[in-house]
Amino acid sequence: MCLVFVLMQEVTATSRHYVDRLFDPDPQKVLQGVIDMKNAVIGNNKQKANLIVLGAVPRLLYLLQQSSSSLELRTECAVVLGSLAMGTENNIKSLVDCHIIPALLQGLLYPDLVFIEACLRCLRTVFISPVTPVQLLYTDPTVIPHLMSLLSRSQRTQEYITQIFSHCCKTPEHQTVLFNHGAIQNIAPLLTSPSYKVRMQALKCFSVLAYENTQVSMTLVNVLVDGELLSQVFVRMMQRDQTIEMQLTAAKCLTYMCRAGSIRTDDSCVVLKTLPCLVRMCSKEHLLEERVEGAETLAYLMEPDVELQRIASTTDHLVAMLADYFKYPSSVSAITDIKRLDHDLKHAHELRQAAFKLYASLGSNDEDIRKKPILESGVIELLCSLTQSDSPALRVNGIWALMNMAFQADQKVKVEIVRCLGTEQLFRLLSDPDANVLMKTLGLLRNLLSTRPHIDQIMSSHGKQIMQAVTLILEAEHSTEVKEQTLCILANIADGNTAKDLIMTNDDTLQKIKYYMGHSNVKLQLAATFCISNLIWNEEDGSQERQDKLREMGFVDILHKLTQASDANLSDR
């Protein structure tokens, strides 16, 4: 312990010596002190932290901004500050608190290119940190146009500025500011730069500018780069001889343009290039982050388009690849890189989340496709097992995916879901303490109980338990959304041919429906009234007997009152 204490004292004394030299009256000694400090902090986070604690940052910023400081001193100060910024997040917070950003932005007004590059390098390091408020880039309205003007100075200014833009464009307002100051015209030529880093950062800029932005996307589709349409430049960047990072980012650009409506979903650059590229990114030879990004982007691309879903479902065994996402890592012993394994285990949930999104997109609009993610891949068993997880997030996602799969599914799929999940687990989920799990389980039950033959079959097997669960939920303290969903399930049961008898023979359930018809919440009144509507439908056998029973129980009086309701939908119903 004594030795450690002595060593710590020595480190602190050395750090103090570096800071003291910044205050020397001899400018040459100050310069040498800064240069020595630069060499001392390289790769040494402990030294960086010590210097920050001992007050090096305010002095470095003072020297950087002083008109009496030589250009070399200012440049070296910017380099040291950039090195300090490459330490921990706490270092960045300290630098931001010392107002490093306005000082460095001011430094960009000087004409010397080497000094400008040093300031930009430091700014880039500060802005790409998650702890830096990106709004600081937009505080002074003259900053963005000045950064645009510096793009032409060198490859380094191009790399740093485009990286700053891509990290600081977080909102539609940010997109608009950059767009209005000529981001597209200024950045587009950089896509053909001889520097890979410049091309890559320019491409990232376009992906964040185009995301859910119709104005930007509609402009991008007409942009020419060296006489070639921008969309074709993006297509070239998706070729297999490019880096995975470039392929993925170019695919994102075209995906966002397609979703914004500037490129048709049946355009060859989407169907033959973007979609296959994203499917390729889902394969197991890619890194975990690449697979996540590929799957999430693919889900976003095809979400609204049935034809793209159909093409994707038959491309490169995508469905089988997704099933593998849930089994990761499949063999711990096969992975020799322990650091990689540790990283991937921590992020495996992101892989599952991405697969959920993609399954949901694949099966959202087309029954044939849905039967193919589901029955062939064995994913139902995987999803059902996830509903038993200790993690509420995994339970939610598992049941959410099952809910989507059951939507307008055929009887074979529904029976398979009920069989794999098991009635015990289904009812356990209906009493889950997590409200999201409960809501998704009710959604699953509602989707299972749709179309009369399905309703009657499921209720004939599990009717008693389902009615018991519904009753318990309606009696307990739950949100309006939960109660509404539960009443909608009753309305579906009431639509069955034989299933409706389970309601008509249960006076307790009928009284609950009656109570909610008189509730103060219109949504609950509507859902309850819908139950009665299905029970008394004239064209069905036994309708007269059901009407007579409900009349005796006082339902007609409530219906009369509801015809005077202020809500038009309720009074019409």
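Residues numbered from 1 in each chain as written. Predicted model: local features only at pLDDT ≥ 70, side-chain atom pairs only at ≥ 80, totals over all residues. Heavy atoms only, no water.

Trainee: Let's hear about the overall build of the protein: which residues, and what values?
Mentor: When you go through the protein residue by residue, the secondary structure sums to 35 helices and 2 strands. For 573 residues, the compact-globule estimate of 2.2 N^0.38 gives 25 Å, and the protein exceeds it by more than 25% at 32 Å. Expressed along its principal axes, the backbone C-alpha trace of the protein runs to roughly 105 × 65 × 60 Å. In the protein, buried positions account for 52% of the 573 residues. Element-wise, carbon and sulfur atoms account for 52% of the exposed surface of the protein, whose accessible area totals about 26,500 Å². Mean positive and mean negative side-chain charge positions of the protein (55 and 64 charges, respectively) differ by 4 Å. (Helix = DSSP H or I, 4+ residues; strand = E, 2+ residues; numbered from the N terminus. Rg over C-alpha atoms; globule rule 2.2 N^0.38 Å. Buried < 20%, exposed > 50% of the residue type's maximum accessible area, 1.4 Å probe, protein only. Areas by Shrake-Rupley, 256 points an atom, 1.4 Å probe, with all protein chains shown as cover. Lys, Arg positive; Asp, Glu negative; His and termini not counted. Charge placed at Lys NZ, Arg CZ, Asp CG, Glu CD.)

Trainee: Explain unusual backbone geometry to me, and be specific about the residues and the numbers.
Mentor: Of note in this structure, Glu212 is not a glycine but carries a positive phi near 50°. Structurally, Glu212 is set in the loop between helix H13 (196-210) and helix H14 (214-220). We classify Glu212 as exposed; its relative accessible area is 55%. Although it is not a glycine, Asp226 sits at a positive phi angle of roughly 50°. Counting through the fold element by element, Asp226 comes out in the loop between strand E1 (224-225) and strand E2 (228-229). Classification of Asp226 by relative accessible area gives exposed; the value is 69%.

Trainee: Could you give an account of helix H25 (residues 411-421), naming the residues involved and the relevant values?
Mentor: Among all positions in H25, only Val413, Lys414, Ile417, Val418, Cys420 and Leu421 are buried. Just downstream of H25, Gly422 is the residue with a positive phi angle, here 80°.

Trainee: Quick one: what's the story with the state of the cysteines, residue by residue and with numbers?
Mentor: Throughout the structure, instances matching the rule amount to 0 disulfides. Looking at Cys98, it has no disulfide partner, and the nearest cysteine sulfur is the one in Cys122, 12 Å off. Overall, the relative accessible area of 28% leaves Cys98 in the partly exposed class. The thiol sulfur of Cys168 is not disulfide-bonded, and the nearest other cysteine sulfur, from Cys169, lies at 8.9 Å. Judged by its relative accessible area of 0%, Cys168 falls in the buried class. (Disulfide = S-S within 2.5 Å.)

Trainee: Kindly report on the pattern of salt bridges, identifying the contributing residues and their values.
Mentor: Per the counting criterion, the structure on display carries 19 salt bridges. With its nearest N and O atoms 3.0 Å apart, the salt bridge here joins Lys512 to Glu475. Here Lys512, found in helix H31 (residues 507-517), pairs with Glu475, found in helix H28 (residues 452-475); they are 37 residues apart in sequence, far enough to count as distant. On the accessibility criterion, Lys512 (12% relative accessible area) is buried. A relative accessible area of 49% places Glu475 in the partly exposed class. Through salt bridges with shared partners, a single network forms among Glu475, Asp508 and Lys512. (Salt bridge = Lys/Arg side-chain N within 4 Å of Asp/Glu carboxyl O.)

Trainee: Just give me the short version of the packing of helix H2 (residues 27-41) against helix H3 (residues 45-53), but keep the residues and values in it.
Mentor: The geometry of H2 relative to H3 is characterised by a closest axis approach of 8 Å and an angle of 135° between their N-to-C directions. Relative to H3, the element H2 is oriented oblique. Residues Met37, Ala40 and Val41 of H2 lie in contact with H3, whose contacting residues are Gln47, Lys48 and Leu51. A class-by-class count of the residues in the contact of H2 with H3 yields 4 nonpolar, 1 polar and 1 charged. (Axes fitted to C-alpha atoms, helices over the stretch in contact; angles between N-to-C directions. Parallel < 35°, antiparallel > 145°, perpendicular 65-115°, else oblique. Contact = heavy atoms within 4.5 Å. Nonpolar A, V, L, I, M, F, W, Y, C, P; charged D, E, K, R; others polar.)

Trainee: An account of the packing of aromatic side chains is needed here, citing residue identities and associated values.
Mentor: Taken as a whole and judged by the stated rule, the model has 6 aromatic pairs. Summarising the aromatic geometry, the rings of Tyr110 and Phe115 are spaced 5.6 Å apart at their centres and angled 80° between planes, so their arrangement reads as edge-to-face. Taking the relative accessible area as the measure of exposure, Phe115 reaches 0% and is therefore buried. Ring centres of Tyr515 and Tyr516 lie 4.9 Å apart, and the angle between their planes is 80°; this geometry places the pair in the edge-to-face category. The class of Tyr515 is exposed, set by a relative accessible area of 51%. Take Tyr516: its relative accessible area is 4%, and that puts it in the buried class. Put simply, the rings of Tyr211, Tyr256 and Tyr300 touch in pairs and so form one group of aromatic residues. Across from the ring centre of Tyr300, 4.2 Å away, lies the NZ or CZ of Arg259, which sits over that ring. (Phe/Tyr/Trp six-rings, centres within 6.5 Å; stacked < 30°, edge-to-face > 60°. Lys NZ or Arg CZ within 6 Å of the ring centre and 35° of its normal.)

Trainee: So what's going on with the UniProt feature "repeat: ARM" (unreviewed entry) in the protein? Residues and values would help.
Mentor: Under the present numbering, the feature "repeat: ARM" (unreviewed entry) in UniProt falls on residues 55-91 and 421-463. Secondary structure within residues 55-91 divides into 76% helix and 0% strand; the distance between the first and last C-alpha atoms comes to 12 Å. (UniProt positions renumbered as here; feature names shortened; annotations may be inferred.)

Trainee: Please set out the confidence of the model for the protein residue by residue, giving values where relevant.
Mentor: On average, the protein scores 88 in pLDDT, and the residues at 70 or more come to 91%. When the criterion is pLDDT under 50, residues 1-8 qualifies, and its contacts beyond four places in sequence or with other chains add up to 0 contacts. Between residues 330-335, whose pLDDT stays under 50, and residues either more than four places distant or in other chains, the model counts 4 contacts. (pLDDT = per-residue confidence, 0-100.)

Trainee: So, the packing of H13 against helix H16 (residues 244-259): which residues are in play, and what are the values?
Mentor: The N-to-C vectors of H13 and H16 enclose an angle of 30°; their axes lie 9 Å apart at closest approach. The orientation of H13 relative to H16 falls into the category roughly parallel. The element H13 and its partner H16 pack so that their crossing is left-handed. Between H13, through Tyr196, Arg199, Met200, Leu203, Lys204, Phe206, Ser207 and Ala210, and H16, the contact on the second element is made entirely by Glu245, Met246, Thr249, Ala250, Lys252, Cys253 and Tyr256. The class makeup of the residues in the contact of H13 with H16 is 9 nonpolar, 2 polar and 4 charged. (Left-handed = near helix turned anticlockwise from the far one by under 90°.)

Trainee: Now, about the layout of surface pockets: what can you tell me, with residues and values included?
Mentor: Considered as a void within the structure, the largest pocket measures approximately 370 Å³ in volume. In this structure, the largest pocket is lined by 13 residues; those nearest its centre are Ser166, Lys204, Ser207, Val208 and Lys252. Mapped onto the lining of the largest pocket, the elements with two or more residues apiece are helix H10 (155-168), H13 and H16. Among the elements that line the lining of the largest pocket, the one with the most residues is H16, at 4 residues. In terms of residue class, the lining of the largest pocket is built from 4 nonpolar, 4 polar and 5 charged. (1 Å grid on protein atoms, 1.4 Å probe; cavity = no way out; pocket = protein on both sides within 12 Å on 5 of 7 lines; lining within 4 Å. Points joined across faces, edges and corners; volume = space filled by probe spheres on them.)

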